[in-house]
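So you can see what is in the structure, the chains are spelled out below.
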Amino acid sequence: MDGRYRTPVLMAANPVLALMAAVLATAGCDLGVQSRPGLEADAVAAAVAEPEPPPTVGLDSALLAAAERQGEEMPRLRTLLVARHGELELERHYRGPALTTPANVKSVSKSVLSAVVGIALAEGHLDDVHQPVAPFFRSHIPAVGDDPKARITVGNLLSMQSGLESTSGRNYGAWVTSGNWVRYAITRPMVAEPGTRRIYSTGNSHLLAAVLTQATGKSLWAYTREKLAEPLGITLPRWLADPQGIHFGGNEMRMTPRAMLAFGELYRNGGRHEGVQVVPEPWVQASLTPQTDARRRGEGYGYGWFTGSVRGHPMFYAWGYGGQFIFIVPDLELTVVTTSDPDVAREGEHIRAVRQLLETTIVPAAERGALPVQDGRVGVR
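The structure contained in this document is the topic of the report that follows.

The rules we used
- Within each chain, residues carry numbers counting from 1 in the order of the written sequence.
- Restriction of local features to residues with pLDDT of at least 70 applies here, the model being predicted, together with a cutoff of 80 or more for giving and counting side-chain atom pairs; totals for whole chains, interfaces and linings are based on all residues.
- Excluding hydrogens and water, the side-chain figures rest on all heavy atoms present in the structure.
- Each helix corresponds to a stretch of at least 4 residues labelled H or I by DSSP, and each strand to a stretch of at least 2 residues labelled E; elements are numbered beginning at the N terminus.
- For each residue, the accessible area found with a 1.4 Å probe, counting protein chains only, is set against the maximum for its type, and the residue is called buried under 20%, exposed over 50%, and partly exposed in between.
- Every case where a carboxyl oxygen of Asp or Glu lies within 4 Å of a side-chain nitrogen of Lys or Arg is listed as a salt bridge.
- For two strands to count as paired, DSSP must find a minimum of two bridges between them.
- Any two residues whose heavy atoms approach within 4.5 Å at even a single point are treated as in contact.
- An axis is simply a line fitted to the C-alpha atoms; with a helix, the fit covers only the stretch in contact. Between two such axes, the angle follows the N-to-C directions and lies from 0 to 180 degrees.
- Each Phe, Tyr or Trp ring, with Trp reduced to its six-membered ring, pairs with another whose centre is within 6.5 Å; inter-plane angles below 30 degrees give stacked pairs, above 60 give edge-to-face pairs, and intermediate values give tilted ones.
- Helix crossings fall into two classes, left-handed where the near helix is turned counterclockwise from the far one by less than a right angle and right-handed where it is turned clockwise.

Below, the discussion takes up the overall build of the protein. Scanning the protein from N- to C-terminus turns up twelve helices and 15 strands. Every one of the 381 residues in the protein was classed for burial, and the buried ones make up 53%.

See below:
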């Protein structure tokens, strides 16, 4: 792997799937049969010899229809898109902005920002994920000597491990009403050593926006549009900027549901779109390598992406407040997008409903498939 990323490359036919399988193995998930004391030898042999279920294609129509009905009963759900093998199988608009109208994807913006950082690294605008960011903020902090802010790196900001006091939650209002968002974020007190603890803060992402703006010599919007949106063939309207003109890092990006799906498919395919390597494949793998635990039990957080599993399948996803999701289940070649009404004080119940929809209906629809594949041919159920 390129030294700029400095995480091991997993060599496999499907590197993203191999990475996610390794992630789950690291987390303690038993993906194989292991011999234990007292287990009869013939039982072990039978378990090992048990054939893998045949691969499937498409989605089970009854379960897909059930997913569509479940979506109707979720009052905050706006859109639901399901793609398998790169084919859009379900696209449903329930309420809210039209499917063709770009809407705020909230913190899904952080996953997009991560992709842009990977491109900037490949182009030499940044050195590597271990590059200290303090030199970009000399007008706001000295960050020299033993100052822990001198040790904050690009990777720390991406993984929410800067150690800076959060600008999210109860601190968010004071931050975005301040006269200088960058200065406010970088001058927060240190509450942990850089690289030791995940403290979720959109201020970290906005500091990355400021770094990219200086490093590339272009606005974050212009650079993202040129290097990511245009190669994907999607529209990325200009979004909110701070009082100094730095486009918001980590929030307020506006995308259509289909643009979100295209971005998810880009990562499912290792950073490639229609044969073109848009995001370096090593960066895709590095992004999905957990750097710290996520707040959801048993899940991890890499560089702007959450990692976990669903029904035993490795999964990674982008998550925006209120129920903006891009779920990717690599071994099923499944990508699912949801958009939701974000204007709520609490999101818990709706988030649980979205996860339940994925786990109990959509993933089983892919597991069953439309038809089984036998000897490389589509069979008949």
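Here we come to the pattern of salt bridges. For side chains bearing opposite charge, pairing can occur when the charged atoms are close. Evaluated as defined, the whole model comprises 15 salt bridges. When the shortest N-O distance is used, the salt bridge between E165 and R188 registers 3.8 Å. Of the two residues, E165 is situated in the loop between helix 5 (154-158) and helix 6 (172-176) and R188 in the loop between helix 7 (181-186) and helix 8 (202-216); the sequence distance between them amounts to 23 residues. Owing to a relative accessible area of 26%, E165 belongs among the partly exposed residues under this scheme. Judged by its relative accessible area of 18%, R188 falls in the buried class.

What follows is about the sheet that holds strand 13 (residues 334-340). Pairing is antiparallel across the open sheet formed by eight strands, whose spatial order is 3-2-13-12-11-10-9-8. Looking along the sheet, the strands with just one partner apiece sit at the ends: strand 3 (87-93) and strand 8 (292-293). Of the strand pairs in this sheet, strand 11 (residues 313-320) and strand 12 (residues 324-329) are connected by five bridges, and their pairing is antiparallel. Bridge pairing links W319 to F325 in strand 12. Against the sheet, helix 4 (residues 108-122) contacts strand 9 (300-301), strand 11 and strand 12, and its axis sits at roughly 105° relative to strand 11. Against the sheet, helix 10 (residues 257-268) makes contact with strand 2 (77-84), strand 3, strand 11, strand 12 and strand 13, and its axis sits at roughly 150° relative to strand 13, the strand it touches most.

Bringing the environment of K110 into the picture now. Relative to the helices and strands, K110 resides in helix 4. Judged by its relative accessible area of 4%, K110 falls in the buried class. With 195 residues separating them along the chain, K110 and W305 place their C-alpha atoms 7.9 Å apart. For K110, the contacting residues outside a window of four places in its chain are M160, Y200, T202, S205, G250, Y301 and G304.

This part takes up the packing of aromatic side chains. What the rule picks out here adds up to 17 aromatic pairs. Ring centres of F263 and Y267 lie 5.4 Å apart, and the angle between their planes is 55°; this geometry places the pair in the tilted category. You can see F263 and its partner Y267 sitting in helix 10, four residues apart, about one turn around the helix. What makes F263 buried here is its relative accessible area of 1%. Judged by centre distance (6.1 Å) and plane angle (55°), the rings of Y317 and F325 are tilted. Residue Y317 shares its accessibility class with F325, and that shared class is buried. Following the ring pairs from residue to residue traces out a cluster consisting of Y301, F306, Y317, W319, F325 and F327.

Let's shift gears to the packing of helix 4 against helix 8. Packing of helix 4 against helix 8 brings their axes to within 11 Å, and their N-to-C directions diverge by 30°. For the element pair helix 4 and helix 8, the recorded crossing hand is left-handed. The segment helix 4 lies against helix 8, with K110, L113, V116, V117 and A120 engaging T202, S205, L208 and L212.

Here the focus is the pairing of strand 2. With respect to burial, strand 2 is a largely interior element, eight of its eight residues being buried. Of the pairings in the sheet, the one linking strand 2 to strand 13 comprises seven bridges and is antiparallel in character. Of the residues in strand 13, the one forming a bridge with A83 is T335. Across six bridges, the pairing between strand 2 and strand 3 is antiparallel. Within strand 3, the residue paired with L80 across the bridge is R92. Between the end of strand 2 and the start of strand 3, which pair antiparallel, lie two residues, with H85 showing a positive phi angle near 55°.

When you tally the buried positions in strand 12, you get six out of six residues, the bulk of the element. What you see with strand 12 is no split at all: Q324, I326 and I328 on one side and F325, F327 and V329 on the other are buried throughout. Taken together, strand 12 and the strand that follows it, strand 13, pair antiparallel across an intervening segment of four residues, in which E333 is found at a positive phi of about 50°.

So, on to unusual backbone geometry. Non-glycine residue K106 carries a positive phi angle of around 55°. Mapping K106 onto the fold places it in the loop between strand 4 (103-104) and helix 4. Taking the relative accessible area as the measure of exposure, K106 reaches 18% and is therefore buried. For E274, which is not glycine, the phi torsion reads 50° and is therefore positive.

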